[in-house]
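# Fold and geometry: a report
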Amino acid sequence: MPDAITRIGFVGLGNMGWPMAHLLDPHYTLTVHDARADVAESFAGEHRASATTDLAGLAAASEAVITMLPNGDIVREVALGDGGLAAGFANGSVLLDMSSSAPLGTRQLAEDLRPHGVAVVDAPVSGGVAGARGGSLAIMVGGDPDEIDRCRPVLEHLGRVIYEMGGSGTGHAMKALNNYCSAAALSSACEALIVGDRMGLEPAKMVDVLNASSGRSAATQGKIAEEILSRDFSAGFTISLMAKDVGIAGGLAEGLEMEAPILARTRDLWKDAAELLGDAAGVTEIVKLWEEWNGGELGSGSG
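Residues numbered from 1 in each chain as written. Predicted model: local features only at pLDDT ≥ 70, side-chain atom pairs only at ≥ 80, totals over all residues. Heavy atoms only, no water.

Going through the model one piece at a time under the given rule, you end up with two aromatic pairs. With centroids separated by 5.6 Å and ring planes inclined at 75 degrees, the aromatic side chains of W290 and W293 adopt a geometry described as edge-to-face. One end of the pair, W290, and the other, W293, are both in helix 13 (residues 287-294), three residues apart, so they sit about a helical turn from each other. Taking the ring centre of F233 as reference, the NZ or CZ of K288 above it sits at 4.8 Å. (Phe/Tyr/Trp six-rings, centres within 6.5 Å; stacked < 30°, edge-to-face > 60°. Helix = DSSP H or I, 4+ residues; strand = E, 2+ residues; numbered from the N terminus. Lys NZ or Arg CZ within 6 Å of the ring centre and 35° of its normal.)

Below, the discussion takes up unusual backbone geometry. Its identity is not glycine, yet R231 carries a phi of approximately 60 degrees, on the positive side. Among the structural elements, R231 can be located in the loop between helix 10 (218-229) and helix 11 (239-255). We classify R231 as partly exposed; its relative accessible area is 27%. The phi torsion at E257 lies on the positive side, around 55 degrees, for a residue other than glycine. Within the secondary structure, E257 is located in the loop between helix 11 and helix 12 (261-277). (Buried < 20%, exposed > 50% of the residue type's maximum accessible area, 1.4 Å probe, protein only.)

It is worth spelling out the layout of surface pockets at this point. Its volume calculated, the largest pocket comes out at about 1,300 Å³. Lining the largest pocket are 43 residues, with M16, G128, G236, F237 and L241 positioned closest to its centre. Broken down by secondary-structure element, the contributors of at least two residues to the lining of the largest pocket are helix 4 (72-80), strand 7 (125-126), helix 6 (128-134), helix 8 (170-199), helix 10 and helix 11. In terms of residue class, the lining of the largest pocket is built from 18 nonpolar, 17 polar and eight charged. Volume-wise, the second largest pocket comes out at about 290 Å³. What lines the second largest pocket is a set of 19 residues, and nearest its centre among them are G72, D73, S101, A102 and G105. For the lining of the second largest pocket, the secondary-structure elements that each account for two or more residues are helix 4, helix 5 (103-113) and helix 11. A breakdown of the residues in the lining of the second largest pocket according to their chemical character gives seven nonpolar, eight polar and four charged. (1 Å grid on protein atoms, 1.4 Å probe; cavity = no way out; pocket = protein on both sides within 12 Å on 5 of 7 lines; lining within 4 Å. Points joined across faces, edges and corners; volume = space filled by probe spheres on them. Nonpolar A, V, L, I, M, F, W, Y, C, P; charged D, E, K, R; others polar.)

Right under this line is the structure:
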């Protein structure tokens, strides 16, 4: 078993990656990289870290490299592309992918890095930017149990609860399926409220009944009242990101040659929402689809 991790590389300093790397810098020797070199330099200037534009050099300086990137294709390019991490990884290193990546792609990446002596652990997160800042993320982990144990002290700085899901790709699968369930619940709640509004039901009272009954969900218990009925729409998670995750779940079902009709239709709905409402729209703005289709704002009685 390799020694405990003391040196970490972190690739991807976006809205999630920056606060996550910040939680690690007091505890590890940290080297950071971002596609925007100025962002990595800025992070290094504010924290106890070094910045580099050299991915192979970052890997050579690290026992574990964390990736927090937009998708699995980019993770693969960072790992295996020209001058990528694989060119610098030492035998016994680990790639800890905390991005929302496609599970079957993660499994293939693990196979492709194995000849380099590199393990892949997938550890996507739930909890948003607030969870990243507070170290309270829920982390879903897949990979070899010994490698997961080796990474656990790192993950414990980032999350409040760590769920070990199984072999390679299972963490990414769980993240995508969780967000599919979240998207489906929010979609169905919006649709129910629009239909009830047309019937003359008061949306706020509908939410109260749902929350006291079997129709309750995280959407009805928080998002609906706080963001939709208030017209605040301040969700930190965007429609485009949700569409990506539901698309990953749909791709998983197809890759496993499974019939999943609700998943397929939910994927299409969120894909359409992202195209119509724009990349910056928050997830709760999806209610605007039903408002447009039915010619009225929720709460007007004409939804």
